[in-house]
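So the chains spell out like this:
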Amino acid sequence: MNSSTLPYLVPYIISLIISVGIAVYAWDHRQVSGGVYFTGLVVSQSLWIAGYIFELASSSLQSKLFWDNFQWIPSTFIPLSMFLFVLHYVQNPLRNSRRLISFLVTINLGFLLLIFTNSLHHIMASESRLIKNPPFDTLDYDFHSGFPLWILNVYGLTLIGLWYLAKALRNSKHFYSQQIIILLVGFLIPIMGGFVTLAEVFTIAGQRDITPFTFALGNAVLAWGLFRFSLLDAVPIARDTIIENIRDAVIVIDQINRVIDLNPAAEVLIRQPSRLVIGQPIEVVFSRWHDLLEKYRNIQNLRDQITVGEQHLEVNISPLYDHRQRLIGRLVLIHNVTQQVKNQAEIHQRSLELETANHELQIAWDAAKSADKTKSQFLASMSHELRTPLGAILNFTEFLTMGMFGPLNERQKDALEKVLSSGRHLLALINDILDITKIEAGMMHLFVEDDVNLSQELTTVIATAEALIKDKPIQFITDIDDDLPIMMGDKRRIRQILLNLISNAAKFTDKGSITLSVKKRDNELLFMVSDTGPGIPPQDQTLVFEPFRQSKAGLKSGGGTGLGLPITRRLVEAHGGRLWLESESGDGATFFVTLPVQSAELLAMMQPEAAGL
Ligand code: ADP
């Protein structure tokens, strides 16, 4: 290589640097659809320029020929990659045709084969020769019959690519038209250069080919486009795939109120194809929607919901600015919310129905409550009304029995005893009904005292218990702790609790024993009433605590009402205690009661308003 020729190479080297720079940038952005082909294009151009520089710089025919042959490779791949890039850029469906791509690659490889074996057949060109052409010697040869075919292939692909770009520009997709123009210019410059070279109308430094400079110039344009319009950052692909497929209607309106773009969803909405609509004033496009037009004509920014026929639409209008923040138009986004509105209406309807149902339920509930209250009041007053005359009957019968109104013979005495016993039973029944009614009506209050002497109460209970079993072969056993504390509670109710349990034991036990034990545990007293009666089978152990429920044995005995245990449990619980039973069928029953010695709850019940029953 001759050092005096070096300055002449500088422009070529600059051109190479620009191409390589763009190749690197393109490689970084190759993930964009078509980006790989764009990279292939620029890399091929760079290789071509490099080959050309080496061809110029070498002096022997042999090496010039070598580099000239080398350039054929990128020459072949430049139009091919440009073509494939365009197919991707404009989203042409052919871009996915493997058949087309392999056909094109095969043809071009075929040409390369012909070129590299040219010395054997000279189909592409004649023998080469060196022409003295300062500052460089020029490699020269004549083109043979294969060459026009190669030209046809190369320029055919290039022109089809340009045609697709021009078509894309026509249907333009407006925001991208600048991008497309830049691509067209960037591609056209080297193509024109190629024509000029072919026509041999113009030479630089005596060289046949000005393409390196046109590549550089074209690439400079592309480079500017890359930075200025983010050519590979926001290619129309993104727009196409998102905007075209989005279900919302997207309409772009320019500053003088012409529709300049719309997507398929918008075409469906306005029932007109884009080719009839693009470029038309909004007055024409939206003539059906005159009112809306008036409403939104000058609005730049808005979110609104409208109804058109049966459709409910959400309209979003937002201003569009160019890169210098100048207003260039408006973007109208229309979202069909018909289904949403329908759903909302449905929900509203359902909630109305629910409200009505709730209201009816409330009325029914109030009615039931008042009926329940009436029932309780009725039972309470009835029990009260029955209790008073019954008390009188019992009193007078007792007086009679005692002979206070004169002597009685045995039969009279016997009859009066029966009246007395039935009357007492009736009174007990009425008392139970009164109790359970008050409990259920929430009207039962304890008469709590803080100085209940348990030992004293137990003495009364034991006396009654013994009276209850005096006619039966039953032993009454007590196991009571010595130092029982003074406790809080309603002493009448505590007695009632124990007597209920003992009288049940006495009622169901025919022989054996009944044991009452009382134990003090921390702040609690544990009472146990156990008997040697028939016991309560496991399946009945829950139901005996329900009002008016009796076990089979209870039913057989015929005496009870099924109210004793429910009342007892409620009285225990009202004191803050617990009542439960343990029993094996046929092996007696033990009832357990715990009562607190004292508690804050009981203390609270001692307030003046805590009236007794
Ligand atoms: P009743 O007035 O019928 O005795 P209770 O509520 O006091 O009502 O008892 C409910 C049922 O529990 C009784 O009918 C009886 O079947 C059963 N029962 C209660 N205590 C005993 C016991 N100590 N032994 C066997 N069964 C009992």
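Everything numeric here is computed off the predicted structure, so don't read it as measured data.

**What about the overall build of the protein?**
Inference 1: The helix and strand inventory of the protein stands at 20 helices and 14 strands.
Inference 2: Accessible surface for the protein amounts to roughly 33,300 Å². Of this, 59% is attributable to carbon and sulfur atoms.

**Remarks on the environment of T478**
Inference 1: With respect to the helices and strands, the residue T478 is situated in strand 9 (residues 474-480).
Inference 2: Between the C-alpha atom of T478 and that of M528, which follows or precedes it by 50 residues, the distance is 9.9 Å.
Inference 3: For T478, the contacting residues outside a window of four places in its chain are I462 and L516.

**What about the packing of aromatic side chains?**
Inference 1: Under the criterion given, the structure shown has 18 aromatic pairs.
Inference 2: Judged by centre distance (5.6 Å) and plane angle (50°), the rings of Y12 and Y52 are tilted. Placement of the pair is Y12 in helix 1 (residues 6-28) and Y52 in helix 2 (residues 35-57), with a sequence separation of 40 residues.
Inference 3: The exposure class of Y12 is buried, given its relative accessible area of 1%.

**A short note on the side chain of H575**
Inference 1: Tracing the chain through its elements places H575 in the loop between helix 19 (564-574) and strand 13 (578-583).
Inference 2: Side-chain polar atoms of H575 contact the backbone nitrogen of D490, separated by 2.9 Å.
Inference 3: Contacts of H575, omitting those with residues within four sequence positions, involve L446, G489, D490, R493, I494, L595, P596 and L602.

**Topic: the packing of helix 3 (residues 61-89) against helix 4 (residues 98-116)**
Inference 1: The interhelical angle for the contact between helix 3 and helix 4, taken along N-to-C directions, is 165°, at an axis separation of 10 Å. What the angle tells us is that helix 3 and helix 4 run roughly antiparallel. The way helix 3 lies across helix 4 gives a crossing that is right-handed. Contact with helix 3, carried on its side by N69, W72, I73, T76, F77, L80, F83, L84 and L87, involves L100, I101, L104, V105, N108, L109, L112, I115 and F116 of helix 4 and no other residues of that element.

**So, a nonpolar patch on the surface**
Inference 1: A contiguous nonpolar patch, built from F396, F399, L400, M402, M404 and F405 and spanning about 640 Å² of accessible area, is present on the exposed surface.
Inference 2: Examined against the element boundaries, M404 turns out to sit in the loop between helix 14 (338-401) and helix 15 (410-440).

**Here's the deal with the sheet that holds strand 4 (residues 259-262)**
Inference 1: Read across the open sheet, the 5 strands follow the order 4-3-7-6-5; overall the sheet is antiparallel. Of all the strands in the sheet, the pair left with one neighbour each is strand 4 and strand 5 (302-308). Mean inter-strand twist for the sheet, computed between neighbouring axes without regard to direction, equals 25°.
Inference 2: Direction of pairing for strand 3 (residues 249-254) relative to strand 7 (residues 327-336): antiparallel, over a ladder of 6 bridges. Bridging across to strand 7, V250 finds its partner in L333.
Inference 3: Against the sheet, helix 14 contacts strand 5, strand 6 (311-321) and strand 7, and its axis sits at roughly 130° relative to strand 6.

**Some details on the packing of helix 14 against helix 15**
Inference 1: Two elements in contact, helix 14 and helix 15, have axes separated by 9 Å at closest approach and are oriented at 155°. With respect to helix 15, the element helix 14 is oriented roughly antiparallel. As helix 14 packs across helix 15, the resulting crossing turns out to be left-handed.

**Things to note about the pattern of salt bridges**
Inference 1: Enumeration according to the criterion identifies 16 salt bridges in this entry.
Inference 2: Salt-bridge contacts for D142 lead to R129; the nearest nitrogen and oxygen are separated by 3.3 Å. Of the two residues, D142 sits in the loop between strand 2 (138-140) and helix 6 (146-170) while R129 sits in strand 1 (residues 129-131), which places them 13 residues apart along the sequence.
Inference 3: Under the relative-accessibility criterion, D142 is labelled partly exposed at 41%.

**Concerning unusual backbone geometry**
Inference 1: Of note in the backbone geometry, R271 takes a positive phi value of approximately 55° without being a glycine.
Inference 2: Locating R271 in the fold gives a position in the loop between helix 10 (264-270) and helix 11 (274-277).
Inference 3: Residue class for R271 comes out exposed when judged on its relative accessible area of 65%.
Inference 4: With phi around 45°, D522 is a residue other than glycine that occupies positive phi space.
Inference 5: Along the chain, D522 turns up in the loop between strand 11 (512-521) and strand 12 (524-531).

**What to know about the sheet that holds strand 9**
Through backbone hydrogen bonds, the strands of a sheet pair up, either in parallel or in antiparallel fashion.
Inference 1: Ordered by their spatial adjacency, 5 strands build an open sheet running 9-11-12-14-13, and the pairing between neighbours is mixed. The two strands at the open ends of the sheet, each matched to only one other strand, are strand 9 and strand 13. Each strand of the sheet is rotated relative to its neighbour by a mean of 15°, with strand direction disregarded.
Inference 2: As judged from the 7 bridges shared by strand 12 and strand 14 (residues 589-596), these two strands associate in the antiparallel manner. Counted as the bridge partner of E524 is P596 from strand 14.
Inference 3: Of the strands in this sheet, strand 9, strand 11, strand 12, strand 13 and strand 14 are in contact with helix 17 (residues 491-508), which crosses strand 12 at around 20°.

**Some thoughts on the nonpolar core**
Inference 1: Residues F38, W72, W150, L165, L183 and F187 are the most contacted members of the largest nonpolar core, which totals 53 residues.
Inference 2: Among the secondary structure elements, those contributing two or more residues to this core are helix 1, helix 2, helix 3, helix 4, helix 6, helix 7 (177-199) and helix 8 (211-229).
Inference 3: Residues contacting W72, with those up to four places away along its chain left out, are L112, I115, M124, Y141, F147 and W150.
Inference 4: Counting residues in each nonpolar core, the second largest holds 47 residues, with F476, I514, V529 and L581 among its members.

**Brief notes about the side chain of S46**
Inference 1: Within the secondary structure, S46 sits in helix 2.
Inference 2: Judged by relative accessible area, S46 falls into the buried class, the value being 7%.
Inference 3: With near-sequence residues (within four places) excluded, S46 lies in contact with L16, S19, V20 and A23.

**Some remarks on the confidence of the model for the protein**
Inference 1: Put simply, the protein has an average pLDDT of 84, and 90% of its residues get 70 or more.
Inference 2: Predicted confidence in the protein is weakest over helix 9 (residues 236-245), with a mean pLDDT of 60, and strongest over strand 14, with 97.

**Things to note about helix 17**
Inference 1: The end-to-end C-alpha distance of helix 17, which contains 18 residues, comes to 26 Å, matching closely the 26 Å that a straight helix rising 1.5 Å per residue would cover.
Inference 2: Along helix 17, the residues classified as buried are R493, I494, Q496, I497, L498, N500, L501, I502, N504, A505 and A506.

**Section: the environment of F545**
Inference 1: Among the structural elements, F545 can be located in the loop between strand 12 and helix 18 (552-557).
Inference 2: Each C-alpha atom, one on F545 and one on G564, is 8.4 Å from the other, the two residues being 19 residues apart in sequence.
Inference 3: Discounting residues that sit within four places of it in the chain, F545 has contacts with L565, P566, R569, L579, W580, L581 and F591.

Rules used throughout
Residues numbered from 1 in each chain as written. Predicted model: local features only at pLDDT ≥ 70, side-chain atom pairs only at ≥ 80, totals over all residues. Heavy atoms only, no water. Helix = DSSP H or I, 4+ residues; strand = E, 2+ residues; numbered from the N terminus. Areas by Shrake-Rupley, 256 points an atom, 1.4 Å probe, with all protein chains shown as cover. Contact = heavy atoms within 4.5 Å. Phe/Tyr/Trp six-rings, centres within 6.5 Å; stacked < 30°, edge-to-face > 60°. Buried < 20%, exposed > 50% of the residue type's maximum accessible area, 1.4 Å probe, protein only. Polar contact = N/O pair within 3.5 Å; in protein donor to acceptor, adjacent residues only side chain to side chain. Axes fitted to C-alpha atoms, helices over the stretch in contact; angles between N-to-C directions. Parallel < 35°, antiparallel > 145°, perpendicular 65-115°, else oblique. Left-handed = near helix turned anticlockwise from the far one by under 90°. Patch = residues over 30% accessible without salt bridge, like charges linked within 9 Å, V, L, I, M, F, W, Y side chains within 5 Å. Salt bridge = Lys/Arg side-chain N within 4 Å of Asp/Glu carboxyl O. Pairing = 2+ DSSP bridges. Core = buried A, V, L, I, M, F, W, Y, C linked by side-chain atoms within 4.5 Å. pLDDT = per-residue confidence, 0-100. Expected span 1.5 Å × (residues − 1).

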